[in-house]
Amino acid sequence: DAKTTQPNSMESNEEEPVHLPCNHSTISGTDYIHWYRQLPSQGPEYVIHGLTSNVNNRMASLAIAEDRKSSTLILHRATLRDAAVYYCILRDEGGGSTLGRLYFGRGTQLTVWP
Amino acid sequence: NAGVMQNPRHLVRRRGQEARLRCSPMKGHSHVYWYRQLPEEGLKFMVYLQKENIIDESGMPKERFSAEFPKEGPSILRIQQVVRGDSAAYFCASSPREGQSSPLHFGNGTRLTVT
């Protein structure tokens, strides 16, 4: 599985923007970059995904480096409800039986201070 | 539209007993995935199923563990003769189809405790 590297933890104040980095230097051409988050005692929740271009949705933005070796998840205004573990995952969309096999790693624990 | 439903939420079993974990995917989803999360660790893939077929079981232990997703009814993850090391949170996810346009939707898990 292609691996990603994320900081173990980050902190932010409420209503401030948060930039969560992810390095994926061994990314292949068919790998999509997915982000999930996991709140305490809950299952992971899909946040956003992209291939090459920056992406925006109601939850967050995803900025992807031109060489695709890194990406950044941007929460525009952090709230207390955004405190969670954020996972950056590479998903091979080349097809086949491995599509369901997401490698979660340890993720980044985001703490949001009021 | 109900999300992925898992039950029970908590399950306690003695060593040697059987554990059966159920997962009802979101309506219209025919792909189911099971993951396990040990304390203080990330989620680990176990098995990927479509209706009546196991597509990828590369993450599932060869012994004592089995999974099914019948034509009718929920997906079942079955653990026979449980041991203390099986204590973990087991998460089920579903998607409507394969491909990058189908993010996985996860349930809130079953927390298995083996005493």
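Read on for a plain summary of the structure. (Residues numbered from 1 in each chain as written. Chains lettered and ligands numbered in written order. Predicted model: local features only at pLDDT ≥ 70, side-chain atom pairs only at ≥ 80, totals over all residues. Heavy atoms only, no water.)

### So, the pattern of salt bridges
Part 1 of the argument: The full count for this structure, using the stated rule, is 6 salt bridges over all chains.
Part 2 of the argument: Between A:Arg77 and A:Glu15 there is a salt bridge, and its shortest N-O distance comes to 3.2 Å. Here A:Glu15 lies in the loop between strand S1 (9-13) and strand S2 (18-23) and A:Arg77 lies in the loop between strand S7 (70-75) and strand S8 (84-92), a separation of 62 residues in the sequence.
Part 3 of the argument: Across the pair B:Arg20 and B:Glu18 runs a salt bridge whose closest N-O atoms are separated by 3.7 Å. (Salt bridge = Lys/Arg side-chain N within 4 Å of Asp/Glu carboxyl O. Helix = DSSP H or I, 4+ residues; strand = E, 2+ residues; numbered from the N terminus.)

### Notes on the packing of aromatic side chains
Part 1 of the argument: Counted according to the given criterion, the structure contains 9 aromatic pairs over all chains.
Part 2 of the argument: Ring plane angle 75° and centroid distance 5.7 Å describe the contact between A:Tyr36 and A:Tyr46, whose orientation is recorded as edge-to-face. With A:Tyr36 in strand S3 (residues 31-38) and A:Tyr46 in strand S4 (residues 45-50), this pair connects stretches of sequence that are 10 residues apart.
Part 3 of the argument: Seen from their ring centres, B:Tyr33 and B:Tyr48 are 4.7 Å apart, and the 15° between their planes marks the pair as stacked. (Phe/Tyr/Trp six-rings, centres within 6.5 Å; stacked < 30°, edge-to-face > 60°.)

### Considering the pairing of strand S3 (residues 19-24) of chain B
Working note: regular strand, side chains alternate between the two faces of the sheet.
Residues and elements named next belong to chain B.
Part 1 of the argument: Every second residue of S3 is oriented toward a common face, the buried set being Ala19, Leu21 and Cys23 and the non-buried set Arg20, Arg22 and Ser24.
Part 2 of the argument: Pairing of strand S1 (residues 5-7) with S3, which is carried by 3 bridges, proceeds in the antiparallel orientation. Looking at the pairing, asparagine 7 lines up with arginine 22 of S3.
Part 3 of the argument: Taken together, the 5 bridges between S3 and strand S8 (residues 75-79) define a ladder with antiparallel strand orientation. (Buried < 20%, exposed > 50% of the residue type's maximum accessible area, 1.4 Å probe, protein only. Pairing = 2+ DSSP bridges.)

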